[in-house]
Amino acid sequence: MAGVQDQLEIKFRLSDGSDIGPKSFPAATSVSTLKESILAQWPKDKENGPRTVKDVKLISAGKILENNRTVGECRSPICDVPTTMHVVVQPPSLEKEKKMTSEPKQNKCVCVIL
């Protein structure tokens, strides 16, 4: 019976309301491993999918889960079966902003007469 309790059934809810899973994971599985599983199972037809584990944030019971924590540590004491974790993908706009700041700025004058 203890072996069954060590397995957690987790469903990942994407921002558009679709789901990945449910799938069973041992309680000792790290959050980083869950993110790798999400990357591997990410629907190919979805736009703006994550490219790396760093692009994915997992939220469970209103808390952002840290990569070094295990599923067992993050589990809510009142948990439904399967547990639903929300998946948030960081937008790729950060790279565009970095490119924009590296370009030289043009001096522009603006006059306002009131």
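Residues numbered from 1 in each chain as written. Predicted model: local features only at pLDDT ≥ 70, side-chain atom pairs only at ≥ 80, totals over all residues. Heavy atoms only, no water.

**Structural notes on the pairing of strand β3 (residues 56–60)**
Turning to step 1, where the next piece is worked out: Only one face of β3 is buried: it carries Val56, Leu58 and Ser60, and the other face, with Lys57 and Ile59, is open.
Turning to step 2, where the next piece is worked out: Across 4 bridges, the pairing between β3 and strand β5 (residues 83–89) is antiparallel. Within β5, the residue paired with Ile59 across the bridge is His86.
Turning to step 3, where the next piece is worked out: As paired strands, β3 and strand β4 (residues 63–64) are joined by 2 bridges and run antiparallel to one another. Bridged to Ser60 within β4 is Lys63.
Turning to step 4, where the next piece is worked out: If you look at the hairpin formed by β3 and β4, you'll find 2 residues sitting between the two strands, and Ala61 has a positive phi there, around 55 degrees. (Buried < 20%, exposed > 50% of the residue type's maximum accessible area, 1.4 Å probe, protein only. Helix = DSSP H or I, 4+ residues; strand = E, 2+ residues; numbered from the N terminus. Pairing = 2+ DSSP bridges.)

**Considering the nonpolar core**
When a protein is soluble and globular, its nonpolar side chains tend to lie buried together.
Turning to step 1, where the next piece is worked out: Grouped together as the largest cluster of nonpolar side chains are 17 residues, with contacts concentrated most on Ile10, Phe12, Leu34, Ile38, Leu58, Met85 and Val87.
Turning to step 2, where the next piece is worked out: Among the secondary structure elements, those contributing two or more residues to this core are β1 (7–13), β2 (19–26), α2 (31–41), β3, α3 (71–74) and β5. (Core = buried A, V, L, I, M, F, W, Y, C linked by side-chain atoms within 4.5 Å.)

**Some points on the packing of aromatic side chains**
Turning to step 1, where the next piece is worked out: In this structure the tally under the stated criterion is 1 aromatic pair.
Turning to step 2, where the next piece is worked out: Both rings, one in Phe12 and one in Phe25, keep their centres 6.1 Å apart while their planes meet at 70 degrees; by these two values the pair is edge-to-face. Here the residue Phe12 occupies a position in strand β1, and Phe25 occupies one in strand β2, the gap between them amounting to 13 residues. The two residues Phe12 and Phe25 agree in class, both being buried. (Phe/Tyr/Trp six-rings, centres within 6.5 Å; stacked < 30°, edge-to-face > 60°.)

**Observations concerning the sheet that holds β3**
Turning to step 1, where the next piece is worked out: Strand order in the open sheet formed by 5 strands is β2-β1-β5-β3-β4, with mixed pairing between adjacent strands. With one partner strand each, in any of the chains shown, β2 and β4 form the two edges of the open sheet.
Turning to step 2, where the next piece is worked out: With 4 bridges joining them, β1 and β5 adopt parallel strand pairing. Paired with Arg13 across the bridge in β5 is His86.
Turning to step 3, where the next piece is worked out: Of the strands in this sheet, β1, β2, β3 and β5 touch α2, which is tilted by about 115 degrees from β3. (Contact = heavy atoms within 4.5 Å. Axes fitted to C-alpha atoms, helices over the stretch in contact; angles between N-to-C directions.)

**Section: the environment of Lys63**
Turning to step 1, where the next piece is worked out: Secondary-structure assignment places Lys63 in strand β4.
Turning to step 2, where the next piece is worked out: Along the chain, Lys63 and Cys74 lie 11 residues apart, while their C-alpha atoms are 8.9 Å from each other.

**Some details on the pairing of β2**
Turning to step 1, where the next piece is worked out: As paired elements, β1 and β2 share 6 bridges and run antiparallel to each other. Among the inter-strand pairings, Leu8 is bridged to a residue of β2, identified as Phe25.
Turning to step 2, where the next piece is worked out: Counted between consecutive antiparallel strands, the loop separating β1 from β2 contains 5 residues, among which Gly17 sits at a positive phi close to 95 degrees.

**Notes on the environment of Phe12**
Turning to step 1, where the next piece is worked out: Classification of Phe12 as buried rests on a relative accessible area of 1%.
Turning to step 2, where the next piece is worked out: Separated by 74 residues in sequence, Phe12 and His86 have C-alpha atoms that sit 5.7 Å apart.

**Topic: the pattern of salt bridges**
Turning to step 1, where the next piece is worked out: Applying the stated rule across the entire model yields 4 salt bridges.
Turning to step 2, where the next piece is worked out: We note a salt bridge from Asp16 to Lys46, for which the minimum N-O separation is 2.6 Å. A residue pair is termed long-range when its members are at least 10 positions apart, and Asp16 in the loop between β1 and β2 and Lys46 in the loop between α2 and β3 qualify at 30 residues.
Turning to step 3, where the next piece is worked out: We classify Asp16 as partly exposed; its relative accessible area is 47%.
Turning to step 4, where the next piece is worked out: For Lys46, a relative accessible area of 26% corresponds to the partly exposed category.
Turning to step 5, where the next piece is worked out: Arg69 serves as the salt-bridge partner of Glu73, at 3.2 Å between the closest nitrogen and oxygen.
Turning to step 6, where the next piece is worked out: Through salt bridges with shared partners, a single ionic network connects Lys11, Arg13 and Asp19. (Salt bridge = Lys/Arg side-chain N within 4 Å of Asp/Glu carboxyl O.)

It is worth stressing that arrangement in space is one thing and function is another; only the former is reported here.
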